[in-house]
Each structure stands twice: as structure tokens, then as C-alpha cells.
Amino acid sequence: MPRFRYNGDVLSIFRLHGPRCSGKKSKHDRTYRRCSCPIHVEGKCGDRFLRQSLHTSNWQKAQRQVAAAESRGSWDPLPEEVQVPPLTIAEAKERFLKDAESGRRLGDSTLRKYRLMLLHLEQFAAKKGFLYLKQLDGESLERVKALFRFASENDWIDANPARLVRGPANIRDTQKLPFEPVEMDRIVEACRQVRLQGCTNDNLLAFVLVLRYSGLRIGDASMLTIDRFKDDDLFLYTQKSGTHVYVPLPPFVMNLVRAIKLRHGQYLFTGPESVRMETASDLWRRKLAQAFTLAKVQSGHPHRFRHTFAVELLKKGVPMEEVSILLGHSSLRITEKHYASWVQARQEILKAHVAKTWETFGVIEGGKAKVR
Ligand SMILES: [Zn+2]
């Protein structure tokens, strides 16, 4: 390994390895860069000697910063380039909570969930040695997004704040895609074959089909009780106006549901061993993971059943407003944000509807409309 040679006349950058360094490097190792430890700069620039953090773990960014300083001949930015200091994770958290408390006036239980989430985020950042919000990039950003997605799917939080964070380039979020019909077929087949502990295969298949045809989140589906069914309709929730929202389930799904032997009160998909939603849904996640593997479905994720439910409805021309109600979204904007790209079919129907409303005012003759 080449020894680091210090040349005080130029600026050098190096990673200052922390206790959590993925390369397990000592903080004195200045040659190793293949980790995400914070980058520091040292050396002479203009008439100043520097030794400080660059507040980034991105090597290219650090190089650009240093190159810019060298071309200016000074570490200090030109007056017009003075930038606001980077936002720390702690500051971002304070601002978010302040806005949630006094700006958005969220309820106590929602605030409690946000605080818990942010605590997890802080602990994650601390473990990684991150101080600044912008250090959450690449892999760690994906982890943060997954954490928020998980919380949102479980209804711990009402919206997923990480959705606003742009994902790193080139990472396609396949978890947002519905299952292709062939994938659904393979999953159904896998449910029949997979060997499960403490669960019959019919239960697994019923669970999968309930997810697919109700659009329920995995947490809600795992805690589903038989009394929520009225004939073949599944009660979803009560709207603010007091209207009850039901979704009808196909007969082949209802037959499986009715055949389930209840093991704990009214619960269809959980027994006395797991009456907490998190425990029950974790068990189902693991069972589904086995089925996805057996079905050779890439990026199988329980939430994709909900997307399949929504997208299939939209493709068949069910209006976005109705899909939004079935999904229980608090606003149509949320539905549009998720599914705007799937409404091509709906757009075609809209066009046909509008065209039908055109009255014939006259016939076009020689470029001139003759009004009747
Ligand atoms: Zn390191």
C-alpha cells in the first residue's frame, strides 16, 4: 500500500475514517477511499493553512470544491458565492417537527409516530457518522427511504416524507410497479407449493388474493377479521362524510376466505401468537418472501399487490376519484402522484366522452363553417 505523502503546499483530501468505517480503516489511513467516511481537506491555499471537514462524503464533490478553491487562489468563496451552511440532520428534524406541530397542526398520535421515526433516522445517522442532511446519499438514502416507506405502509405516518426526496439516479423503484399478469400467475402457483410453518397453503393463497383484490396494506390485511365481510363485500373504512366504503371480492377469493379455520377470535390471518399488527405483518412478509422466491419474481414486495389492485382498475377505466376512495387516500393528489402514468386508458375514455359532447353546429364547406 502506498504511504500517504503529505505535501503542505497543495491541498490534499482524504477520508477521516470513523469507528463505523465500512473498510474498518484507522483514522490515520489517508489512502483508503472506498468507504463513505467524511472527507477532509488539509494543506495550504492562498495564505491560509487549512485542516477541516468538507461536509461531504462524495469524492467528486470534494475534488470540485478543492479545484474551485485552487483556481480562486483562496479557500474563501468570492462574496457572491457565499452559501448558507449545510443543514444538519438535527436542524432538519427540529424544523420538520416545528412545522408539524404549529404549522400543520398534526394530531398527538401522528406527532408521536413522526418523533419515533425521526429518532430512528437520527440513530441511523449517528451509527453512520452522518451529521449533515446531504450526507444521506446513495445507499444510505435508499435505507432512509425504505424506513419511511415501511412506516407509511404500516400507517405509522400519514404520508411518506421520504417520497419528496429524489432517489439516487439509476435506481429504478420496481417496488412501485404492479405485478404483471404472468407474475401473478406464478405467485399463485408458488403459494400452492411453498412449504410453510404454522400456516396452510390455502391461507397463504387467500392472503395473497385478498391483498390483490382489496388493495389493503399488508398490516391491515394481517389483522383482517371475518366480521368485516358483508356477503362478498369487504368493509374498508368510513369516510369523513360517514359513508362506508366497501370493496367487492371475487367469488374465488371469497371461497378461500370462508374456508379459513379461525384460530383466534375473528382474525382470519393471525393466531393467538401474534395479535400485534407489526408481528403479524412481519410473519406474512416472510411467508410472502418465500413465495416470491419460489415464483422467481424479482423485487417482489407486498405493497405491489396494492399497486396491482389500483393499476388494474385504472387500466379498465375506473376513474381516479374512485380508485382514490378505494385506496383510502386522504386526497386525490396522492393517488394522482402515484398512478398518473397508468391513466392512459382512462385518458382515451375521457377523450371519447368529450368528443361525444361536441354538437354539430354545421358542416365545414370549403374551410368555412356554415351554422345551421
Ligand atoms: Zn472509512
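In this numbering scheme, every chain counts its residues from 1 along its sequence in written order. The model is predicted, so local features are restricted to residues of pLDDT at least 70 and side-chain atom pairs to those at 80 or more, both for listing and for counting; the totals for chains, interfaces and linings are taken over all residues.

1. Focus: the overall build of the chain
Definition in use: Strands are runs of DSSP state E lasting at least two residues, helices are runs of H or I lasting at least four, and both sets are numbered from the N terminus onward. Contact between residues is assigned whenever the C-beta positions, reconstructed from backbone atoms, fall within 7 Å.
Counting its secondary structure elements, the chain contains 13 helices and 8 strands. Of the contacts made within the chain by residues no fewer than 6 positions apart, 58% connect residues no fewer than 24 positions apart.

2. Quick notes on the sheet that holds strand β6 (residues 244–248)
Counted only if it meets this: At least two bridges found by DSSP between two strands are what make those strands a pair.
Overall, antiparallel pairing links the 3 strands, which are arranged β4-β5-β6 in an open sheet. At either margin of the open sheet sits one strand with a lone partner, and together these are β4 (229–230) and β6.

3. Remarks on the nonpolar core
This is how it is decided: By convention the nonpolar core is taken to be a set of buried residues drawn from Ala, Val, Leu, Ile, Met, Phe, Trp, Tyr and Cys and joined through C-beta atoms within 7 Å. Labels follow a simple rule on C-beta atoms placed from the backbone: if 20 or more others lie within 10 Å of a residue's own, it is buried; if 12 or fewer, it is exposed; otherwise it is partly exposed.
Formed by 42 residues in total, the largest nonpolar core has its most connected members in Ile187, Phe207 and Val210. If you list the elements that add at least two residues to this core, you get α5 (181–193), α6 (201–214), α7 (218–222), α8 (251–259), α9 (277–294), α10 (303–315) and α11 (320–327). With 9 residues, α6 is the largest single contributor of residues to this core. Beyond its immediate chain neighbours, meaning those up to four positions away, valine 210 contacts Leu216, Ala221, Leu224, Val253 and Val257. In terms of nonpolar packing, the next biggest core, distinct from the first, is built from 9 residues, Tyr114, Met117, Ala125 and Phe130 among them.

4. Notes on the sheet that holds strand β3 (residues 48–53)
Here is the rule: Axis definition: a line fitted to C-alpha atoms, limited for helices to the stretch in contact. Angles are taken between N-to-C directions and run from 0 to 180 degrees.
If you trace the 3 strands from one edge of the open sheet to the other, you get β1-β2-β3, paired in antiparallel fashion. Since the sheet does not close on itself, it has two edges, and those belong to β1 (12–15) and β3, each with one partner. Neighbour-to-neighbour, the strand axes of this sheet turn through a mean angle of 10°, independent of strand direction. Where strand β2 (residues 39–45) and β3 come together, 6 bridges link them in antiparallel fashion. Among the inter-strand pairings, glutamate 42 is bridged to a residue of β3, identified as arginine 51.

5. What to know about the pairing of β2
Alignment of β1 against β2, held across 4 bridges, turns out to be antiparallel. Along β2, the bridge assignment pairs arginine 15 with isoleucine 39.

6. A closer look at the packing of α5 against α9
Basically, it comes down to this: The scheme is simple: roughly parallel for angles under 35 degrees, roughly antiparallel for over 145, roughly perpendicular for 65 to 115, oblique for anything else. The sense of a crossing depends on the near helix, which, turned anticlockwise from the far helix by less than a right angle, makes the crossing left-handed and, turned clockwise, makes it right-handed. Polar here means any residue outside two lists: the nonpolar Ala, Val, Leu, Ile, Met, Phe, Trp, Tyr, Cys and Pro, and the charged Asp, Glu, Lys and Arg; Gly therefore counts as polar.
At their nearest, the axes of α5 and α9 sit 8 Å apart, and the two run at 115° to each other. As judged from the angle between their axes, α5 and α9 are roughly perpendicular. Considering only the axes of α5 and α9, their crossing is right-handed. Here α5 contributes Ile187, Ala190, Cys191 and Gln193 to the contact with α9, which in turn contributes Ala291, Phe292 and Leu294. Here the residues of the contact of α5 with α9 sort into 6 nonpolar, 1 polar and no charged.

7. So, α6
Given 3.6 residues per turn, any residue in an α-helix points the same way as the ones three and four places further on. Stated formally: Helices are assigned an expected span. That span is 1.5 Å times one less than the residue count.
For α6, built from 14 residues, the straight-helix expectation of 20 Å at 1.5 Å per residue is met to within 8% by its first-to-last C-alpha distance of 20 Å. Extensive coverage of α6 is indicated by the burial of 12 of its 14 residues. Every buried residue belonging to α6 is among Asn203, Leu204, Leu205, Ala206, Phe207, Val208, Leu209, Val210, Leu211, Arg212, Tyr213 and Ser214, and all of these are buried. Backbone geometry just downstream of α6 places glycine 215 in the positive-phi region, at approximately 75°.

8. Details of the environment of valine 245
Considering the arrangement of structural elements, one finds valine 245 in strand β6. Looking at valine 245, the number of C-beta atoms within 10 Å reads 15, which means it is partly exposed. For the pair formed by valine 245 and aspartate 233, sequence separation is 12 residues and the distance between their alpha carbons is 9.6 Å. If we skip the residues at most four places from it in the chain, valine 245 touches Leu236, Tyr237, Gln239, Ile325 and Leu326.

9. A look at the environment of alanine 310
Within the element layout of this structure, alanine 310 appears in helix α10. With 14 residues separating them along the chain, alanine 310 and serine 324 place their C-alpha atoms 8.5 Å apart. Not counting residues up to four positions away in its chain, the partners in contact with alanine 310 are Gly215, Val323, Leu327 and Tyr339.

10. Looking at the pairing of β3
When you tally the buried positions in β3, you get 0 out of 6 residues, a small fraction of the element. Two successive antiparallel strands, β2 and β3, enclose a turn made up of 2 residues, where glycine 46 displays a positive phi of approximately 65°.

11. Quick notes on the packing of α5 against α6
Where α5 meets α6, the axes come as close as 8 Å, and the angle between the chain directions of the two elements is 155°. Here α6 runs roughly antiparallel to α5, going by the angle between their axes. Contacts between α5 and α6 involve Met184, Ile187, Val188, Cys191 and Arg192 on the former and, on the latter, Asn201, Leu204, Leu205, Val208 and Arg212. Class assignment of the residues belonging to the contact of α5 with α6 gives a composition of 7 nonpolar, 1 polar and 2 charged.

12. With respect to the confidence of the model for the chain
To be explicit about the condition: One number per residue, pLDDT, summarises how confident the predictor is, and it ranges from 0 to 100.
On average, residues of the chain score 80 in pLDDT, and 80% of them are at 70 or above. Across the chain, element-level confidence peaks in β6 with a mean pLDDT of 96 and bottoms out in strand β8 (residues 368–371) with 51. Predicted confidence is poor over residues 166–172, with pLDDT under 50, and the contacts of this stretch with residues over four places away or in other chains come to 6 contacts.

13. Here's the deal with unusual backbone geometry
In the Ramachandran plot, lysine 296 falls in the positive-phi region, its phi being about 55° despite a non-glycine side chain. Relative to the helices and strands, lysine 296 is located in the loop between α9 and α10.

14. Examining the environment of leucine 288
Looking at where leucine 288 falls in the secondary structure, it is placed in helix α9. Judged by local crowding, leucine 288 falls into the buried class, with 24 C-beta atoms found within 10 Å.

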